[in-house]
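Coordinates in review
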Amino acid sequence: MRVLMLGGAGYLGWPTAMRFSGKGHDVAVVDNFNRRRWVEEVGGDSLTPIASLPDRIDAWKEVAGKRIESYVGDIAEGTFTNDVVREFAPDTIVHYGEQPSAPWSMQSVDNAVTTQHGNVIGSLKLLWAIREHVPSAHLIKLGTMGEYGTPNIDIEEGYIEIEHNGRRDVLPFPKVPGSLYHLSKVHDSHNIHFACRVWGVRATDLNQGVVYGIETPETKLDERLVTRFDYDQAFGTALNRFCVQAVVGHPLTVYGRGGQTRGFLNIVDTLQCVELTAANPAAAGEFRVFNQFTETFNVLELAEKVRDAGAELGWDVRVDHVHNPRVEAEEHYYNPKHTKLPSLGLQPTLLSETLIESALHVIERHRSRVVNEVIDPSTEWRPTAIGEPAG
């Protein structure tokens, strides 16, 4: 299989590229390294030291005896995406290549425009390139559970059967995203659905929960192969932030009461999900949606799990409740379905079994690289009233 990995130098992209390459597939990665620049702009840095892409590719060649190709450029600009797809001619395209931060998308109009333009236009150019050059290729697109929001009904996997005025139909599940980043992913889903219905493209939208963990079997092979780990308020997740705070002795900052519930999965399960999806492709003209997570927790439960794991290591970890900068329900109904990936063979990796080894021990090794100033929230979802301080 020829696999094109967009965002292939990123947190998920690089481990996924190595996984497919290690299984004998021909792999090429595409990246423009924007995430590295954006994290630096907010004053942060990956907790784990990241080698350059050429150094990573050379290290992988030394360790695994396999070569990963690379293309450097922006998929939303010019004819770059068209040229790469035409030249590499992939059978499978894994699309991680988007701005991934909800807080960053809400910081300014420039960030909002960058997010919407890069994500939506990049994906649209990809769809057109597939139509023109590799119409039978399978697109695996990283979506997000955040597209759905938190409706007061069960969240189905992409579609819902509706009865209205005595008639029935199966329609895309309603989307109520909570940030301009999540809204860009909704636009992606609509465009991909259109391409499947009208052009006969085959695609799977992986509506992923929050990913945690730093190591995979491939990243452990050589220090130059490690993937990035972000913990700042813009590009880190709540769980990443809690784990870093526990290591450095900072109170765990729970937004509001901490009743916000989301789906979670370990990074090794992300790789497993993408592998299973690639091995079982969508049919021509089919737009599949898989809800990709293994467990659900609310934010306070996460903090308590980190606190308890820290206690096992002899740390005194305190949980603090702080102002929530986001516009979201403090407590809500949340029951998303996730049956399709388990039906393909997904074997979950549980947080309770991996938190200390897969996160806390790795963070402790790199403790000297923590930038404390970027951990606490500073981005407000609401407009600030005149004369009212933010935060």
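Worth saying up front: this structure is predicted, and the values here are computed from it rather than measured. (Residues numbered from 1 in each chain as written. Predicted model: local features only at pLDDT ≥ 70, side-chain atom pairs only at ≥ 80, totals over all residues. Heavy atoms only, no water.)

A word on the overall build of the chain. If you tally the helices and strands in the chain, you get twelve helices and 14 strands. The principal-axis extents of the C-alpha atoms in the chain amount to approximately 65 × 55 × 45 Å. Long-range pairs, those at least 24 residues apart, make up 82% of the contacts in the chain with a sequence separation of at least 6. Accessible surface, the chain: about 16600 Å² in total, of which carbon and sulfur atoms supply 50%. One finds the centroid of the 37 positive side-chain charges in the chain at a distance of 4 Å from the centroid of its 52 negative side-chain charges. (Helix = DSSP H or I, 4+ residues; strand = E, 2+ residues; numbered from the N terminus. Contact = heavy atoms within 4.5 Å. Areas by Shrake-Rupley, 256 points an atom, 1.4 Å probe, with all protein chains shown as cover. Lys, Arg positive; Asp, Glu negative; His and termini not counted. Charge placed at Lys NZ, Arg CZ, Asp CG, Glu CD.)

Applying the stated criterion across every chain yields a total of 24 salt bridges. The partner of Lys 185 in a salt bridge is Glu 98, with the nearest N and O atoms 2.8 Å apart. Taken together, the positions of Lys 185 in helix α7 (residues 180-199) and Glu 98 in the loop between β4 (92-95) and α5 (102-105) put the pair 87 residues apart, joining distant regions of the chain. A relative accessible area of 4% places Lys 185 in the buried class. (Salt bridge = Lys/Arg side-chain N within 4 Å of Asp/Glu carboxyl O. Buried < 20%, exposed > 50% of the residue type's maximum accessible area, 1.4 Å probe, protein only.)

A separate point is the confidence of the model for the chain. For any part of a model where pLDDT is low, the fine detail of the predicted coordinates should not be relied upon. Summarising the model, the chain shows a mean pLDDT of 96, and 98% of its residues fall at 70 or more. Within the model, the stretch residues 385-391 combines pLDDT values under 50 with five contacts to residues more than four positions away or in other chains. (pLDDT = per-residue confidence, 0-100.)

It is worth spelling out the packing of aromatic side chains at this point. Applying the stated rule across the entire model yields seven aromatic pairs. Relative to Phe 173, the ring of Tyr 148 lies with its centre 5.5 Å away and its plane at 90°, an arrangement referred to as edge-to-face. Remark: Phe 173 occurs in the loop between β7 (167-172) and α7 and Tyr 148 occurs in the loop between β5 (138-144) and β6 (159-164); sequence separation between them is 25 residues. Considered together, Tyr 148 and Phe 173 belong to a single accessibility category, that of buried residues. By way of ring pairs, the aromatic residues Trp 38, Trp 104 and Phe 235 are connected into one cluster. Sitting over the ring of Phe 88, Arg 2 keeps its end group 4.0 Å from the ring centre. The cationic tip of Arg 131 hangs over the ring face of Trp 128; the distance from NZ or CZ to the ring centre is 5.0 Å. (Phe/Tyr/Trp six-rings, centres within 6.5 Å; stacked < 30°, edge-to-face > 60°. Lys NZ or Arg CZ within 6 Å of the ring centre and 35° of its normal.)

This paragraph deals with the layout of surface pockets. By volume, the second largest pocket amounts to about 230 Å³. As for the second largest pocket, its lining consists of Thr 48, Pro 49, Ile 214, Glu 215, Thr 219, Lys 220, Asp 222, Glu 223, Val 226, Val 362, Arg 365 and His 366. A breakdown of the residues in the lining of the second largest pocket according to their chemical character gives four nonpolar, three polar and five charged. (1 Å grid on protein atoms, 1.4 Å probe; cavity = no way out; pocket = protein on both sides within 12 Å on 5 of 7 lines; lining within 4 Å. Points joined across faces, edges and corners; volume = space filled by probe spheres on them. Nonpolar A, V, L, I, M, F, W, Y, C, P; charged D, E, K, R; others polar.)

Here helix α9 (residues 267-279) is 13 residues long and its end C-alpha atoms lie 19 Å apart, about the 18 Å a rise of 1.5 Å per residue gives. When you tally the buried positions in α9, you get ten out of 13 residues, the bulk of the element. For α9, the set of buried residues is Ile 267, Asp 269, Thr 270, Leu 271, Gln 272, Cys 273, Val 274, Leu 276, Thr 277 and Ala 278. Sitting at the amino-terminal end of α9 is Asn 266, which places a side-chain oxygen 3.0 Å from the backbone nitrogen of Val 268. (Expected span 1.5 Å × (residues − 1). Polar contact = N/O pair within 3.5 Å; in protein donor to acceptor, adjacent residues only side chain to side chain.)

Tracing the backbone shows Gly 22 in helix α1 (residues 13-22). For Gly 22, a relative accessible area of 41% translates into the label partly exposed. It is 16 Å that separates the C-alpha atoms of Gly 22 and Ser 70, two residues lying 48 residues apart in sequence. If we skip the residues at most four places from it in the chain, Gly 22 touches Trp 60 and Lys 66.

Another point: the nonpolar core. Side chains of nonpolar character tend, in soluble globular proteins, to be buried together. Membership of the largest hydrophobic core comes to 33 residues, with the highest contact counts inside it found for Met 5 and Ile 68. With six residues, α9 is the single largest residue contributor to this core. (Core = buried A, V, L, I, M, F, W, Y, C linked by side-chain atoms within 4.5 Å.)

Moving on, we get to the state of the cysteines. Tallied over the entire structure, the rule returns zero disulfides. The structure places no disulfide on Cys 273, whose sulfur is separated from the nearest cysteine sulfur, that of Cys 196, by 19 Å. (Disulfide = S-S within 2.5 Å.)

When you tally the buried positions in β7, you get zero out of six residues, a small fraction of the element. In the sheet, β6 pairs with β7 via six bridges, with the strands oriented antiparallel. Each residue of the ladder has a partner; that of Tyr 159, found in β7, is Pro 172. In this structure, the hairpin formed by β6 and β7 is closed by a connection of two residues, where Asn 165 is found at a positive phi of approximately 50°. (Pairing = 2+ DSSP bridges.)

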